[in-house]
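Residue-level structure breakdown
Chain residues, written in single-letter form:
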Amino acid sequence: MDDRRGRRLPFNGHLHTNLSPDADVPIDAYARQAVELGIPEIAITDHVDFDPRAPAYAFTTFEERRRVVREAARRWEPLGLVIRFGVELTYERAWDEAVRHHLRQHSYDFVIGSVHIGADSPYISGRLEGWIVGKSLPEIVEPYFTEVEAAARSELFDVIGHIDFVKRFLAPHITAADLAAAPELIEPVLVALVETGTALEINTSGLRQPPEETYPSAATVARYQALGGDRVTVGSDAHLAGQFAWALSDGYAAAESVGLKPSLEPRLTRV
Ligand SMILES: [Zn+2]
Ligand SMILES: [Zn+2]
C-alpha cells in the first residue's frame, strides 16, 4: 500500500485514540509518528455523544481522557511535540442544551462539533434505500445540512467537523459529483460558519472512504473562502494507527490553493 502519510506539516487536528469506542490506538502510536513525520502539533479529539443510545455516551470520563492526554503531552514535549486536549462532540439540535452544559463544566484546548449518523437517522444503511425513493436531492440532504448549519449557529465550537460527511452514507445512490453539481445546498452552512467565525474543518478521511474526496471538497473550501471565511483546520480523523496523517497534505493543499493558512487556534469565546 502506498504510504500517503503527510510529512512536515504544521498539525493534525482530528485524531481518535482507544478512548473512543470506534478506535483502538494508544496515544503514543500517534505521537511517535508525529515526531517521525515532522508534524509538531496534534489534537486528540475523542468522541463524546449526548444520546444515551450512542456509543460514546458514557464510554469513558472527561477526567480519564484529560489525564491520558496531559500525561502524554508531558512525555512528548521534550521531543518537540505539542499535544492538545481536544474533543469531538456530536451535535444535533436535540442535544444543544446538553452540549452547552458539558462545555460549561469542562475545559478543552480545542473543540470540534460534528453531526453524525445517529440511531434515528434516515441515512442508516437499510433505511436509506427506501427513504430516498421519490425525494429530490435538496430533500435528501436537508436533514443533515440543517443540523450542521445549526451546529455552526450554536457558536459552541471552535470548528465544525466533516460538514458534508453525509456523502459517505449516500454513496453510491448519490455521488460526490451529484453534490458538486448542486453547491447551493451547502451554501447556508458556509454562510453560518463565516457569520459566526467558526472554523471549517478539512477532513481527509473522505479520501479513504467511498466519496474519495475530502470533507468538504476543495471546491467547497474555495467557496467558503470566497464568502469571506478565513479559519480552517485540517485533520485525518484517524481511527487506526496507519491512518495517522493519511492524505493530510491533500487537506493542506485544498486550503493553500485559495490562500488559507490552517490554524488550530481556538475561538476566543465558546459558551
Ligand atoms: Zn466525526
Ligand atoms: Zn472523528
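See the structure shown above.
It should be emphasised that the depicted structure is a prediction, and the values quoted were computed from it without experimental measurement. (Residues numbered from 1 in each chain as written. Chains lettered and ligands numbered in written order. Predicted model: local features only at pLDDT ≥ 70, side-chain atom pairs only at ≥ 80, totals over all residues.)

1. A few points about the overall build of the chain
Scanning the chain from N- to C-terminus turns up 10 helices and 8 strands. Relative to a compact globule of 271 residues, whose C-alpha radius of gyration would be 18 Å, the chain shows 18 Å and is just as compact. When the 271 residues of the chain are sorted by exposure, 43% land in the buried category. Excluding contacts between residues fewer than 6 apart, the proportion of contacts in the chain whose partners are at least 24 apart in sequence is 79%. (Helix = DSSP H or I, 4+ residues; strand = E, 2+ residues; numbered from the N terminus. Rg over C-alpha atoms; globule rule 2.2 N^0.38 Å. Buried ≥ 20, exposed ≤ 12 C-beta atoms within 10 Å, placed from the backbone. Contact = placed C-beta atoms within 7 Å.)

2. Brief notes about the packing of helix α5 (residues 137-153) against helix α8 (residues 187-196)
Look at α5 against α8: their axes get within 8 Å of each other, and the N-to-C directions meet at 5°. Here α8 runs roughly parallel to α5, going by the angle between their axes. When α5 is examined against α8, the residues F145, V148, E149, A152 and R153 are found in contact with a partner set consisting of P188, V189, A192, L193 and T196. For the contact of α5 with α8, a count of residues per class yields 7 nonpolar, 1 polar and 2 charged. (Axes fitted to C-alpha atoms, helices over the stretch in contact; angles between N-to-C directions. Parallel < 35°, antiparallel > 145°, perpendicular 65-115°, else oblique. Nonpolar A, V, L, I, M, F, W, Y, C, P; charged D, E, K, R; others polar.)

3. Things to note about helix α10 (residues 248-256)
Looking at α10, one finds that the buried residues are L248, G251, Y252, A254 and A255. What you see down the axis of α10 is that its buried residues fit within an arc of 155°, all on one side. Contacts made by the buried residues of α10 are with β1 (12-15), β7 (199-203), α9 (218-226) and β8 (232-235). (Arc of directions from axis to C-beta.)

4. Considering the pairing of strand β5 (residues 110-114)
Most of β5 sits inside the fold, with 5 of its 5 residues counted as buried. What you see with β5 is no split at all: F110, I112 and S114 on one side and V111 and G113 on the other are buried throughout. Bridging between strand β4 (residues 82-90) and β5 involves 5 bridges; their strand directions are parallel. Along β5, the bridge assignment pairs V87 with V111. Considered for its hand, the β-α-β crossover made up of β4, helix α3 (residues 96-105) and β5 is right-handed. Relative to strand β6 (residues 159-160), β5 runs parallel, the two sharing 2 bridges. Each bridged residue has a counterpart across the sheet, and for I112 the counterpart in β6 is V159. (Pairing = 2+ DSSP bridges. Right-handed = clockwise from strand over helix to strand, strands pointing away.)

5. As for unusual backbone geometry
Residue A171 is joined to P172 through a cis peptide bond whose omega torsion reads 5°. Residue P216 follows Y215 across a cis peptide bond; omega there is -5°. Along the chain, the position of P216 falls in the loop between β7 and α9. A positive phi angle is found at H162, which is not glycine, with a value near 25°. Looking at the secondary structure, you find H162 in the loop between β6 and α6 (166-170). You can call H162 buried: it has 26 C-beta atoms within 10 Å. Despite not being glycine, A247 has its phi angle at roughly 60°, a positive value.

6. Description of the environment of W246
Residue placement: W246 occurs in the loop between β8 and α10. Taking the C-beta count within 10 Å as the criterion, W246 has 21 such neighbours and is therefore assigned buried. On a C-alpha basis, the gap between W246 and R7 in space is 9.7 Å, while along the polypeptide they are 239 residues apart.

7. Some remarks on the nonpolar core
Grouped together as the largest cluster of nonpolar side chains are 67 residues, with contacts concentrated most on I42, I160 and L200. A per-element tally of this core places α5 first, with 6 residues. Once residues lying within four places of it in the same chain are set aside, the contact partners of I42 are F11, N12, L15, Y30, A34 and I83. (Core = buried A, V, L, I, M, F, W, Y, C linked by C-beta atoms within 7 Å.)

8. Description of the environment of R153
Here R153 lies in helix α5. The class of R153 is partly exposed, set by 16 C-beta atoms lying within 10 Å. In sequence terms R153 and T196 are 43 residues apart; their C-alpha atoms lie 6.6 Å from each other. Filtering out sequence-adjacent residues up to four positions away, R153 remains in contact with A192 and T196.

Such coordinate-based values are descriptive only and should not be taken to indicate function.
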